Each structure stands twice: as structure tokens, then as C-alpha cells.
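Summary of structural features
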Amino acid sequence: MSISVQAEGFDPGAEYNLLRSENYSDGATAMFVGTVRDFSPADTAALEPVEQKTVAVLELEHYPGMAESALTDIARRAAERWPLGRVRIVHRYGPLAAGEEIVFVGTTSAHRQASLDACAFIMDFLKSRAPFWKKEIAAGAEDGSWVEARASDQDALKKW
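I will try to describe carefully the structure that is included in this document. (Residues numbered from 1 in each chain as written. Predicted model: local features only at pLDDT ≥ 70, side-chain atom pairs only at ≥ 80, totals over all residues. Heavy atoms only, no water.)

1. Thoughts on the sheet that holds strand β2 (residues 28–35)
Our working rule: Strands are labelled as partners when DSSP assigns at least two bridges between them. Note on conventions: DSSP H or I runs of at least 4 residues are helices, E runs of at least 2 residues are strands, and numbering of each starts at the N terminus. What counts as an axis is a line fitted to C-alpha atoms, over the stretch in contact for a helix, and the angles between N-to-C directions run from 0 to 180 degrees. By the convention used here, residues are in contact when the closest approach between their heavy atoms is within 4.5 Å.
Strand order in the open sheet formed by four strands is β1-β6-β8-β2, with mixed pairing between adjacent strands. Strand pairing shows two members of the sheet lacking a second neighbour, β1 (2–6) and β2, which therefore form its edges. Pairwise comparison of adjacent strand axes, ignoring direction, gives a mean angle of 5° for this sheet. Relative to strand β8 (residues 101–109), strand β6 (residues 84–92) is paired through seven bridges, and the arrangement is antiparallel. Within β8, the position partnered with arginine 88 by the bridge is glycine 106. Contacts between helix α2 (residues 66–81) and the sheet are confined to β1 and β6, with β1 contributing the most and set at about 150° to the helix. Along the sheet face, helix α3 (residues 112–129) touches β2, β6 and β8 and points at about 145° away from the line of β8.

Put into C-alpha cells, the structure is as follows:
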């Protein structure tokens, strides 16, 4: 199990290679790579329609130590639920431009379904339970607006 919370970018291909390096017992690798969108999506679960906003920069804040601990706990919960070989989570913080990678989740297992389910589980819990705060900043703006928790992210947890 490997967790990184970092300002620096990462290479998804290199992360995949680390998961697979000398790993001959796991026949399945599932990955999720999240990137910063150039818009703020409307919450489809909202009672009233919400307009989409253009986003140039997404600024992420976190509490060092607390974020790593929360991600480690989420990964451990996944490993208790599915027979996983390896788990890798990378989450960035700081100002990120639209198009930059923000998160990587990778899991390996002997079989594909365990790897796929664990990857989705980790991502769903990361979105709702990891202590990261996001501020969306439009092009040319000096300040932005904090992103509120989305009902759709909370709804995703119900399947687990």
C-alpha cells in the first residue's frame, strides 16, 4: 500500500509501471486518473438547476498528516474487503490548471472484479471522506469560490 499527497505532478504511466513491477501474482490492474475540468459541473441531484461555471484553476487545500491518514484508512478498508495485491493512491494539492492530473488510484488483484470494485470504492470514499478543500477560480479572476459537497458523491457511497 502506497499513499502520496503531493504538490508535484505525476505520470500515470509510471504509476502503472510501479504497480506492475515484479508483480507476477496479480492478473488484474484497475486504475482511475482524475483531471481538473475546465468547468464546474451542475449537481444533478440539486433541487434547482445550477449553471456551469468556467474554471481555469482548481486550488486544493489539505491538512498534512490528516489527509494521508484518511487515504490510508480508505485503502485499508478496501484491502479488508477485497483480496488486493497492491494499492497506490496519489492526490495532489495546491493550484492546478484545467487539464492537469489531480488524483491516481490503482489497485491490483488476482482477478479483475476485485481490482475494479476496490478502485471504484476507494475513489467514491476519497471524494466524500478525504479532507481536501477545493476552490474553483475562473480565468482572469483573483479569487474563486469554494466547492460544496455534491449530493451525487454522497449517493455513490450508498452502494458500498
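Here the narrative resumes, following the displayed structure.
2. Things to note about the packing of α2 against α3
Our working rule: Throughout, the term roughly parallel applies to angles under 35 degrees, roughly antiparallel to angles over 145, roughly perpendicular to angles from 65 to 115, and oblique to all others. Crossing handedness: left-handed means the near helix sits turned counterclockwise from the far one by under a right angle, and right-handed means the same turn made clockwise.
The geometry of α2 relative to α3 is characterised by a closest axis approach of 10 Å and an angle of 150° between their N-to-C directions. When the interaxial angle is binned, α2 and α3 end up roughly antiparallel. In the crossing of α2 with α3, the sense of the turn from one axis to the other is right-handed. Only Ala118, Phe121, Ile122, Phe125, Leu126 and Arg129 of α3 make contact with α2, whose side of the interface consists of Ala70, Leu71, Ile74, Ala75, Arg77, Ala78 and Arg81.

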